[in-house]
Amino acid sequence: MTNKIEENERQYRVIDQMLSMHSSARDEYKLKSQILDICLLFFSVFTCALLLSEPKLSQLLNVPENLIEILTAIFSVIVLFLSLLENKLNWKELISFHQIAINKLSDLKNKYRNAFKNNEKIDFTEIYDAVMKDIIDIPESKFLKYKARHLYKRKVSMEMSKNPGISLTLLRIKLKLGCLDNVKKDRQCN
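Worth saying up front: this structure is predicted, and the values here are computed from it rather than measured. (Residues numbered from 1 in each chain as written. Predicted model: local features only at pLDDT ≥ 70, side-chain atom pairs only at ≥ 80, totals over all residues. Heavy atoms only, no water.)

Draft legend 1. Broad picture of the overall build of the protein. Across its full length, the protein holds seven helices and zero strands. Ordered by position from N to C terminus, the α and β elements of the protein give α-α-α-α-α-α-α. Overall, the protein is about 80 × 45 × 30 Å in size when its C-alpha atoms are taken along their principal axes. Per-residue burial for the protein yields a buried fraction of 27% across its 190 residues. Considering only contacts in the protein between residues 6 or more positions apart, those separated by 24 or more positions represent 74%. For the protein, the computed accessible surface area is about 13100 Å², with 60% contributed by carbon and sulfur atoms. A gap of 8 Å separates the mean positions of the 30 positive and 23 negative side-chain charges of the protein. (Helix = DSSP H or I, 4+ residues; strand = E, 2+ residues; numbered from the N terminus. Buried < 20%, exposed > 50% of the residue type's maximum accessible area, 1.4 Å probe, protein only. Contact = heavy atoms within 4.5 Å. Areas by Shrake-Rupley, 256 points an atom, 1.4 Å probe, with all protein chains shown as cover. Lys, Arg positive; Asp, Glu negative; His and termini not counted. Charge placed at Lys NZ, Arg CZ, Asp CG, Glu CD.)

This is the structure in structure tokens:
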């Protein structure tokens, strides 16, 4: 029975970590997608403005008409490139997949939490395995970055609980300096 309890606790920690990782992935793809959307919108509007004001703009700026035509062509190519890039990268779909993973992991985490709270001895292994198999993977290239972010988030959270009312910025500085002290002492930052 103790092995099942220990395994449930390990699974709970992994679920918590995976929640943080999928949240980080979703937020990262969301930011990239928004930047790409803004660039696409900017260059599209700029291209339209050049097209609509072409003859008058060259006179107003006292530049040759073909310069405005060249700029319009360049911006049109940029718009096409950004559109193709957006289609190829498919960040919005990745955002959706990570959000689905977050929802499934949150539900599973709540089941564990309720079982722990009520001292229920439930073996969640089958449910855990099914959820883990069903969600999108964290890219191997991002795994350590997201794990470090999760561990740092947990450390910040624990320190905030110990020091209620402390400034988040001050707490982060304190943790970074504490980490640097550990490096000086034993060449390892925990």
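Draft legend 2. Unusual backbone geometry, seen in detail. Not every positive phi belongs to a glycine, and N90 is a case in point at roughly 55 degrees. Residue classification places N90 among the partly exposed residues on the basis of a relative accessible area of 32%. A positive phi angle, close to 55 degrees, is found at N119, a residue other than glycine. With respect to the helices, strands and loops of the structure, N119 is situated in the loop between α4 (91-117) and α5 (125-134).

Draft legend 3. The arrangement of the packing of helix α2 (residues 54-61) against helix α3 (residues 65-89) in detail. Following both chains from N to C, one finds α2 and α3 inclined at 120 degrees, their axes separated by 8 Å at the closest point. The angle between the axes of α2 and α3 places the two elements in the oblique class. Every pair of crossing elements has a handedness; the one defined by α2 and α3 is right-handed. Facing α2, whose interface residues are E54, L57 and S58, α3 presents E65, I68 and E69. Residues belonging to the contact of α2 with α3 are distributed by class as follows: two nonpolar, one polar and three charged. (Axes fitted to C-alpha atoms, helices over the stretch in contact; angles between N-to-C directions. Parallel < 35°, antiparallel > 145°, perpendicular 65-115°, else oblique. Left-handed = near helix turned anticlockwise from the far one by under 90°. Nonpolar A, V, L, I, M, F, W, Y, C, P; charged D, E, K, R; others polar.)

Draft legend 4. Fine view of the pattern of salt bridges. Inspection of every chain in the model, using the stated rule, returns 11 salt bridges. Among the salt bridges present, the one from E28 reaches K32, with a minimum N-O distance of 3.6 Å. Here E28 pairs with K32, and both are found in helix α1 (residues 2-52), just four residues apart, close to one helical turn. Across the pair K92 and D37 runs a salt bridge whose closest N-O atoms are separated by 2.9 Å. Within this pair, whereas K92 is found in helix α4, its partner D37 is found in helix α1, the two being separated by 55 residues in sequence. The class of K92 is partly exposed, set by a relative accessible area of 45%. Under the relative-accessibility criterion, D37 is labelled partly exposed at 28%. Within the structure, one salt-bridge network assembled from shared partners comprises E28, K32, K142 and K145. (Salt bridge = Lys/Arg side-chain N within 4 Å of Asp/Glu carboxyl O.)

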